[in-house]
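# Commentary on secondary and tertiary structure
Here is what each chain is made of, one letter per residue.
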Amino acid sequence: MAAAESYEFVCANSGQNSPQCARVGKLACKECRLVLYCGTTCQKAHWKKHRSDCRDNPLLKQNWRPQWETQARVPAFIGGPRLHTFNDQKKYLWGNMPAFDLLNLTSNEGTNYNKKLDLLFAASGDIRNVIKTIVSIPDEFKKPIKIHMNDRDADIVGRNAIMLLLALTEDSADVAVDNILHLWYSSFISQSLQDTLKGKIRELVQSVCTKIESKAPDAVLGKTWTFGSRSLRLVLAKKQWLELLASLEPPPGLTVDKAREIRRSVTIAPQRVDYRERRYFVQPPSHRTSAQKFREDGVLLPFGGPRDIYTIPNPTLFRNPRIWPMKDDSDPLDGWDRSEILSISSGAATNDVYGKFFLMLRGILFRFHSCLKNSEIAFKLLNVDAVDLHNYVGTDLFDRIETIYYIGRLLKPPYENPQATLVTLFLNAVDESFDDADKRRVAESEMKEVFKYMPPTPPTGFYDASLIVSDIATQQVRDVDKYFDRYMKTQRFSDLHELSSIAPKEKHTIIDPWPMRLKKKPHQRGAKEEFTILLSSNHSGCERYMEWKYSM
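Residues numbered from 1 in each chain as written. Predicted model: local features only at pLDDT ≥ 70, side-chain atom pairs only at ≥ 80, totals over all residues. Heavy atoms only, no water.

### Quick look at the sheet that holds strand S10 (residues 400-403)
Spatial ordering of the open sheet is given by S6-S7-S9-S4-S3-S10-S11-S13-S12, a layout of nine strands whose pairing is mixed. Two strands lie at the open edges of the sheet, namely strand S6 (220-227) and strand S12 (502-504), each paired on one side alone. With strand direction ignored, the average angle separating the axes of adjacent strands in the sheet is 15 degrees. Looking at chain direction, S12 and strand S13 (residues 544-550) are connected through three bridges and run antiparallel. When the sheet's bridge partners are listed, Ile-502 is paired in S13 with Tyr-550. Across the sheet, helix H7 (residues 238-246) is in contact with S6 and strand S7 (230-237); its angle to S7 comes to roughly 115 degrees. (Pairing = 2+ DSSP bridges. Helix = DSSP H or I, 4+ residues; strand = E, 2+ residues; numbered from the N terminus. Axes fitted to C-alpha atoms, helices over the stretch in contact; angles between N-to-C directions. Contact = heavy atoms within 4.5 Å.)

### Topic: the nonpolar core
Ile-147, Trp-184, Trp-241, Trp-336 and Phe-379 are the most contacted members of the largest nonpolar core, which has 124 residues in total. Per-element accounting of this core gives the leading share, 13 residues, to helix H12 (residues 353-373). If near-sequence neighbours (up to four positions away) are discounted, Trp-184 is found in contact with Trp-94, Asp-126, Ile-127, Arg-128, Ile-131, Arg-159, Met-163, Trp-336, Leu-361 and Leu-365. In this structure, Leu-411, Leu-422, Val-430 and Phe-493 belong to the second largest nonpolar core, which totals 33 residues. (Core = buried A, V, L, I, M, F, W, Y, C linked by side-chain atoms within 4.5 Å. Buried < 20%, exposed > 50% of the residue type's maximum accessible area, 1.4 Å probe, protein only.)

### Here's the deal with the pairing of strand S3 (residues 117-121)
In terms of residue burial, S3 counts as a mostly covered element, since five of its five residues are buried. By the alternation rule, side chains of S3 split into Leu-117, Leu-119 and Phe-121 and Asp-118 and Leu-120, which are all buried. Bridge count for S3 against strand S4 (residues 145-150) is five bridges, and the pairing is parallel. Residue pairing in the sheet places Asp-118 in a bridge with Lys-146 of S4. A crossover connection joins S3 to the parallel S4 through helix H3 (residues 128-136); in handedness this β-α-β unit is right-handed. (Right-handed = clockwise from strand over helix to strand, strands pointing away.)

### Here we look at unusual backbone geometry
Within the chain, Arg-33 stands out as a residue other than glycine whose phi angle is a positive 50 degrees. Phi at Ala-72 is positive, roughly 50 degrees, even though this residue is not glycine. Relative to the assigned elements, Ala-72 resides in the loop between helix H2 (67-70) and S3.

### Observations concerning the packing of aromatic side chains
With the rule as written, the count across this model stands at 25 aromatic pairs. On the basis of an interplanar angle of 90 degrees and a centroid distance of 5.1 Å, the ring pair of Trp-68 and Phe-77 is categorised as edge-to-face. Residue classification places Trp-68 among the buried residues on the basis of a relative accessible area of 0%. The exposure class of Phe-77 is buried, given its relative accessible area of 15%. Residues Phe-188 and Phe-318 carry aromatic rings whose centres are separated by 5.8 Å and whose planes lie at 40 degrees to one another, so their mutual orientation is tilted. Within this pair, whereas Phe-188 is found in strand S5 (residues 188-189), its partner Phe-318 is found in the loop between strand S8 (312-313) and helix H11 (338-342), the two being separated by 130 residues in sequence. The exposure class of Phe-188 is buried, given its relative accessible area of 2%. Classification of Phe-318 by relative accessible area gives buried; the value is 0%. Counting every residue linked through ring pairs, the aromatic cluster contains Trp-94, Trp-184, Tyr-185, Phe-294, Trp-336, Tyr-354 and Phe-357. A cation sits over an aromatic face here: Arg-260 above Phe-188, 5.3 Å from the ring centre. Between Arg-263 and the ring centre of Phe-294, over which it is positioned, the NZ or CZ distance is 5.6 Å. (Phe/Tyr/Trp six-rings, centres within 6.5 Å; stacked < 30°, edge-to-face > 60°. Lys NZ or Arg CZ within 6 Å of the ring centre and 35° of its normal.)

### Thoughts on the pairing of S10
Burial along S10 is two-sided: Arg-400 and Glu-402 facing one way and Ile-401 and Thr-403 facing the other are all buried. For S3 and S10, the ladder comprises three bridges, and the chain directions are parallel. Its bridge partner lying in S10, Leu-120 is registered against Ile-401. Two strands pair when backbone bridges link them, and S10 and strand S11 (residues 421-426) are joined in this way by four bridges, in the parallel orientation. What sits directly across from Ile-401, in S11, is Leu-422.

### Section: the pattern of salt bridges
Within this structure, the stated rule accounts for 38 salt bridges. A salt bridge links Arg-128 to Asp-126; its shortest N-O distance comes to 2.7 Å. Each of the two residues, Arg-128 as well as Asp-126, counts as buried. Taken together, the salt bridges that share partners define one network made up of Lys-116, Asp-118, Asp-399 and Lys-412. (Salt bridge = Lys/Arg side-chain N within 4 Å of Asp/Glu carboxyl O.)

Written as structure tokens, this is what we have:
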């Protein structure tokens, strides 16, 4: 595979059911600008196949409307017919907030900081914040780094461990990047990646499982693998070690066709059509078309990229041969800065948002692989409840802690590092403080503010899609500071200082307190685009980060 800087899209007229064109795609389809061709000959030859994704695709029409509106019925999310239980497993194997750099070394300790760094991702979820942090470390910093990653979901810990092993055991950046990218976000993987999982990765895990055969199911064992100046320590109970071993190949009897059927029964479930079309309605036509394609095939590639080699169900996702583990609206894009994604050049295929994300992620992973090769870095992965972490980290204290819980006791004191910071995320605090009385009081003023970004249009009926979306958009213009202040008083945040000497930082130095909140006023250039990007995501603008430090 080509290096990140010179990645070249293959002509869309390629694959098993076509003339196998392997030339570079440079000419975009002018109707959709989602796919690329090497020339007009291949474009004409491919038109019969591409037409259903392009000219005949209703989602690409500017005047497309959701089915609940065209059928004049009550949408399911308001009170229409719905399935009472739907995919109740709902694992969160991908991030639901954009990745951020937990260190921001330049604005804190400085690039010449001469001490080792200890980082704790206490409820890590997937590996995105770890990767974002590592690739953001200035090249001037040469001291050792120790990273603790913990999550109470063993499947998340296992996937993170496998991705790190794929990076640490592979010298070729091209191979490592491709393997990590698809294990992370693609529902189906190539035979070469499956061979790697069943080969050197399985060998590493199998050696541990063999040693603990006689142990009790809840016996805990830690294993450290060393790769030059890098190491990875994984601490799991016996049951989780065996589950990790099993996650390296698909469940017996699970065919690719059956896996696709299982996944699609969730991602494009008929009973969820109103929910996904509510989101599609606020997206540009090309974005909703790309989102639908990813829901259908589940492979993270440019829109026109050949998918023929991705024929193995991703064993880290298809752990249960009868269940797709994630929510139907789980989207790789939600774990990254969408504005940054949209700024990536995808050549002439300017509308290919998933292609842009593919390119952006490849660039980040190339940088990640290079940083690992040139750093003294140690990873330790745990699978415990975050509130119990003090029982598992020994005497270690940390320069940074990222968590959804308050665990300030693990922060380094000021005499060791005055910039030591705890970062907590509050996803639902504003919603919990915003009650029915508040809604009645501010409904009219919030709607007027929304209409400054998206002017009202004559309604098509009682359940007009534009009106419904306008009501949802009121979260984006809400006075979130007011309701979060109320939340802090209700939860008695001020008591934390008296109990632990930890207090909120007056000024954030790591991440914006409200990273998803609208930054532009309605009259400013780019305000409507910013509004649309937020509205088309799974974010509300009410997500709040807090930074804490010791305050003596």
